[in-house]
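Residue-level listing of the chains:
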Amino acid sequence: MSDCKKFYLTTPIYYVNDVAHIGHAYTTIIADSVARYARLKGMDTFFLTGTDEHGQKIEEAAKARGKTPKEYADEVSGKFKSLWDEFEISYDKFIRTTDEEHKKGVQKAFEIMFEKGDIYKGEYEGNYCVSCETFFTETQLIDKEFCPDCGKPTRKLKEESYFFKLSKYEKDILNWYKEKTPIIPKAKANEVIRFVEDGLRDLSITRTSFEWGVKLPESINDPKHVVYVWLDALLNYITALGYGSDDETSMEKYWPADLHIVGKDILKFHAIYWPAFLMSLGLELPKNIAAHGWWTRDGEKMSKSKGNVINPKEVADAYGLENFRYFMLREVPFGADGDFSEKALIDRINNDLANELGNLLNRIIGMSYKYFDGKIDSKDVKKYYLKELEEVETILDSLEPLLYEMQIHKYLEELWKVFSLANKTIQDEKPWELIKENPEKTMALLGLVANILNRGSFMLSPVMPKTMDKIADSLNYKIDTVNYEKYIKNKNILDEFIIKKTEPLFPKIEKPLLKQVEVKKEPKEETKEVKNEDGIITIDEFFNVSLKIGTVKVAEEVKKSKKLLRLEVDLGEGRNRQIVAGIKEFYSPEDLVGTQVAVVANLKPAKLMGMMSEGMLLAAKDENGLHLLRPEAPKKEGTPIK
Ligand code: MSP
């Protein structure tokens with residue numbers, strides 16, 4: 001960042017199958033803070049975000065809601081955009097992959113790669129995770145079926161497909177990692193390097209089994225194919241700059257990207273596929289790709305079915321948007337997974353913001369009105385407090401490099417040292433006594449604190465822009481590029497001014513303000529959980545449930561229980577599962593042995609009458625009794641029900 005005049009940074013474009021949650025907000029807030037810092041430094045900054053709207057996942061989500069994919073995408077994309085606007089995210093462009101210019105750019109890129117000989121036609125046979133929109137080989141799957149990334153069941157695919165010669169770029173990609181070390185943090189880079197070193201296979205980049213995607217360029221004349229959603233999506237980073245259009249001035253000005261910010265789950269696409277596509281297109285590679293970790297809630301993975309997903313708007317409404325921004329960036333080291341706990345948020349607000357920073361402003365306002373009618377004159381700061389001032393400047397000089405390395409939590413931690421130093425100096429100097437002996441030194445002390453607040457407000461403004469404007473207003477300057485140069489780069493001391501009284505910036509939080517969520521336990525045997533208010537679940541939610549055919553090998557009564565039978569069921573896993581089922585009133589054990597049943601295979605094991613039950617049988621019950629659901633014809637054990 002330091003040596004370039006322009007700065008182009010991006011967030012991932014968000015899938016429109018879901019509303020924005022804290023993970024999306026996190027990526028976007030990091031990017032927004034970095035963009036604001038670059039602008040403050042006077043860089044010509046371009047900050048891109050948007051929505052990823054094509055693919056099977058979106059097509060199916062729309063269908064489940066009785067909407068066309070476009071109607072559905074318009075609706076959800078609109079919600080993302082309004083949320084970012086409400087959060088005052090300073091994006092320069094919000095791209096949608098359904099934009100005509102984007103689609104044209106994708107076709108153009110496809111054509112160039114094709115003409116270069118990097119794309120060939122073949123047949124794809126393998127497994128596909130719709131949720132991650134990712135292809136997997138058999139060996140990559142868990143239990144030969146489940147997606148290694150998200151754990152959901154994959155689907156078998158066999159279809160004609162165009163392939164991209166990813167393998168051709170293996171060496172060049174490895175060289176790029178070595179020469180430019182573009183991946184942040186290093187630990188994540190090592191994972192990617194190992195993955196590439198294990199060998200890259202060519203990548204299937206078109207699909208024929210659904211329609212919701214960018215069509216291939218006319219020159220290829222193969223209308224049943226649409227472009228694979230990740231190729232389509234990654235290209236947004238250049239189509240947003242006009243790639244493939246009549247006007248490529250932005251492309252010339254801003255490409256290559258200086259920083260792609262992504263979550264760790266999508267680093268592979270950005271650090272392997274993306275550079276390969278760019279090499280094929282003859283374009284420069286991004287300077288940095290930074291991957292952050294994932295957020296959990298109170299130590300638990302967030303999921304809709306647990307009801308513990310955090311809505312960023314609720315948090316911002318309850319605690320203040322900028323407090324929320326500070327918390328997210330300060331709480332977790334970039335790259336590590338983070339846990340959202342309301343207590344941690346309250347502690348950050350009460351300790352860091354209210355006690356350290358807010359208190360400092362209150363103290364200086366209070367003292368200056370008590371002793372000097374609100375006047376603050378910094379002319380003697382260096383005479384009395386040169387050591388403190390130098391210490392502050394040393395800390396401030398160390399901040400920018402931390403930002404380049406995306407060590408934002410460290411940046412904030414270090415910044416807080418200057419506020420602590422100011423509070424400690426007040427404590428040590430006891431101005432309430434000092435004023436009696438040495439008013440000149442007391443004024444210098446106020447000057448020192450004012451200058452610390454001045455420096456601090458510039459450095460904190462990318463994260464808390466409005467709050468820092470309030471500090472600046474109180475101390476009679478503006479936070480802008482000219483003043484950044486004056487105070488931060490050239491280290492000027494504040495001119496004399498009258499401090500303005502302000503409301504406390506960070507009222508203390510006495511008790512939790514969010515609606516308390518109780519993490520729902522896994523649904524019990526008979527309780528059917530309603531997922532949404534309208535009872536509708538998405539196809540993805542449905543596929544979260546793994547249903548399989550099994551054969552009952554052993555059945556016996558559970559003593560002392562009127563209802564339960566203990567079964568051992570073969571699900572083709574090489575061992576039988578014990579399932580305790582409440583069907584004793586309707587089936588005798590001998591009726592069951594050798595018959596087939598339908599089993600919910602991915603239920604969390606539960607204890608019933610002291611016995612572990614590792615699944616649940618599907619059955620229907622009405623006034624005519626209970627009947628198990630069974631296949632019409634015998635099926636192999638473990639056959640999935642879809
Ligand atoms: N559409 C793709 C990205 C294409 S970019 C060319 C996609 N979209 S996403 O909506 O599923 O995810 C977007 C971002 O949100 C990812 O960076 C992902 O890591 C992040 N997060 C989603 N859940 C998250 C948490 N619980 N915590 C932190 N970030 C996580 O992937």
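Residues numbered from 1 in each chain as written. Predicted model: local features only at pLDDT ≥ 70, side-chain atom pairs only at ≥ 80, totals over all residues. Heavy atoms only, no water.

**Q** Go over the overall build of the protein, please, and point to the residues and values.
**A** If you tally the helices and strands in the protein, you get 22 helices and 25 strands. Along the first, second and third principal axes, the C-alpha atoms of the protein reach 100 × 70 × 40 Å. For the protein, with 642 residues in total, the buried portion stands at 55%. Here the contacts in the protein between residues at least 6 apart in sequence split such that 74% fall between residues at least 24 apart. Distance between charge centroids for the protein: 3 Å, based on 96 positive and 107 negative side chains. (Helix = DSSP H or I, 4+ residues; strand = E, 2+ residues; numbered from the N terminus. Buried < 20%, exposed > 50% of the residue type's maximum accessible area, 1.4 Å probe, protein only. Contact = heavy atoms within 4.5 Å. Lys, Arg positive; Asp, Glu negative; His and termini not counted. Charge placed at Lys NZ, Arg CZ, Asp CG, Glu CD.)

**Q** Now, about the packing of helix 11 (residues 312–319) against helix 12 (residues 321–331): what can you tell me, with residues and values included?
**A** Two numbers describe a pair of packed helices, the interaxial angle and the distance between the axes. Put simply, helix 11 and helix 12 touch, their axes get as near as 6 Å, and they point 115° apart. Here Pro 312, Val 315, Ala 316 and Tyr 319 of helix 11 lie close against helix 12, whose contacting residues are Leu 321, Asn 323 and Phe 324. Each residue belonging to the contact of helix 11 with helix 12 can be placed in one class, and the counts come to six nonpolar, one polar and no charged. (Axes fitted to C-alpha atoms, helices over the stretch in contact; angles between N-to-C directions. Nonpolar A, V, L, I, M, F, W, Y, C, P; charged D, E, K, R; others polar.)

**Q** Break down the sheet that holds strand 17 (residues 547–557) for me, with residues and values.
**A** Note: strands within a sheet are paired through backbone hydrogen bonds, in either parallel or antiparallel orientation. Taken together, the five strands give an open sheet; going across it, the order is 19-18-17-20-23, and neighbouring strands pair in antiparallel fashion. Edge positions in the open sheet fall to strand 19 (576–581) and strand 23 (616–617), since each of these has one partner strand only. By the bridge criterion, six bridges tie strand 17 to strand 18 (residues 565–570) in an arrangement that is antiparallel. The partner of Val 552 across the bridge, within strand 18, is Val 569. (Pairing = 2+ DSSP bridges.)

**Q** How would you explain the site of the ligand if you had to name every residue and give the values?
**A** Around the ligand there are 23 residues in total, and Ile 13, Asp 52, Gly 263, Asp 265 and Trp 295 lie nearest to it. Here an oxygen atom of the ligand and a side-chain polar atom of His 24 are 3.3 Å apart. Note that a nitrogen atom of the ligand is positioned 2.9 Å from one of the backbone N or O atoms of Trp 295. When the free accessible area of the ligand is taken as 670 Å², the share hidden by the protein chains comes to 94%. Listing elements by their share of the shell around the ligand, those giving two or more residues are strand 1 (6–15), helix 1 (22–40), helix 7 (229–234), helix 8 (236–239) and strand 11 (259–263). Ranked by residue count, the leading element in the shell around the ligand is strand 1, at four residues. For the shell around the ligand, the class distribution of residues is 13 nonpolar, eight polar and two charged. (Near = heavy atom within 4 Å. Polar contact = N/O pair within 3.5 Å; in protein donor to acceptor, adjacent residues only side chain to side chain. Areas by Shrake-Rupley, 256 points an atom, 1.4 Å probe, with all protein chains shown as cover.)

**Q** Any details on unusual backbone geometry? Residues and values, ideally.
**A** The omega torsion across Ile 184 and Pro 185 is -10°, close enough to zero to call that bond cis. For the bond running from Trp 255 to Pro 256, omega is 5°, close enough to zero to count as cis. By the secondary structure assignment, Pro 256 is in the loop between helix 9 (249–254) and strand 11. Positive phi values are uncommon outside glycine, yet Glu 88 reaches one of about 50°. Along the chain, Glu 88 turns up in the loop between helix 3 (69–86) and strand 3 (93–96). Among the residues examined, Glu 88 registers a relative accessible area of 40% and is labelled partly exposed.

**Q** Which residues make up the sheet that holds strand 5 (residues 134–136), and what values do they have?
**A** As summarised here, the arrangement of the four strands in space is 5-4-6-8, forming an open sheet in which the pairing is antiparallel. Since the sheet does not close on itself, it has two edges, and those belong to strand 5 and strand 8 (203–204), each with one partner.

**Q** An account of the pattern of salt bridges is requested, with residue identities and associated values reported.
**A** Overall, the coordinates contain 45 salt bridges when judged by the stated rule. Here Glu 400 ties to Lys 41 by a salt bridge, and the two come within 3.1 Å at their closest N and O atoms. Of the two residues, Glu 400 sits in helix 15 (residues 399–404) while Lys 41 sits in the loop between helix 1 and strand 2 (44–52), which places them 359 residues apart along the sequence. For the pair Glu 400 and Lys 41, a shared accessibility class is recorded, and that class is buried. Ionic pairing is found between Arg 575 and Glu 614, a salt bridge with its closest N-O pair at 3.0 Å. Highlighted residues: Arg 575 in the loop between strand 18 and strand 19 and Glu 614 in the loop between strand 22 (611–613) and strand 23, separated in sequence by 39 residues. Given a relative accessible area of 43%, Arg 575 falls into the partly exposed group. The class for Glu 614 is buried, based on a relative accessible area of 19%. Each of the salt bridges in this network shares a partner with another, and the network as a whole consists of Glu 53, Lys 70, Asp 74 and Arg 96. (Salt bridge = Lys/Arg side-chain N within 4 Å of Asp/Glu carboxyl O.)

**Q** How would you explain the environment of Arg 455 if you had to name every residue and give the values?
**A** Position of Arg 455 relative to the elements: it lies in helix 18 (residues 439–460). Overall, Arg 455 belongs to the buried group, its relative accessible area being 1%. Sequence separation of Arg 455 and Gln 107 is 348 residues, and the distance between their C-alpha atoms is 49 Å. Among residues more than four places away in sequence, those in contact with Arg 455 are Glu 393, Leu 396, Tyr 487, Ile 488, Lys 491, Asn 492 and Ile 493.

**Q** Describe the side chain of Gln 596, naming the residues involved and giving the relevant values.
**A** Structurally, the position occupied by Gln 596 is in strand 20 (residues 596–600). Exposure remark for Gln 596: the relative accessible area of 12% places this residue in the buried category. Here Thr 551 takes part through its side chain, which lies 3.0 Å from a polar atom of the side chain of Gln 596.

**Q** Mind laying out the packing of helix 4 (residues 100–115) against helix 10 (residues 267–281), listing which residues take part and the relevant values?
**A** Here helix 4 crosses helix 10 at 70°, and the two axes come no closer than 9 Å. Put simply, helix 4 runs roughly perpendicular to helix 10. Contacts between helix 4 and helix 10 involve Ala 109, Ile 112 and Met 113 on the former and, on the latter, Phe 277, Ser 280 and Leu 281. Looking at the contact of helix 4 with helix 10 residue by residue, the classes come out as five nonpolar, one polar and no charged. (Parallel < 35°, antiparallel > 145°, perpendicular 65-115°, else oblique.)

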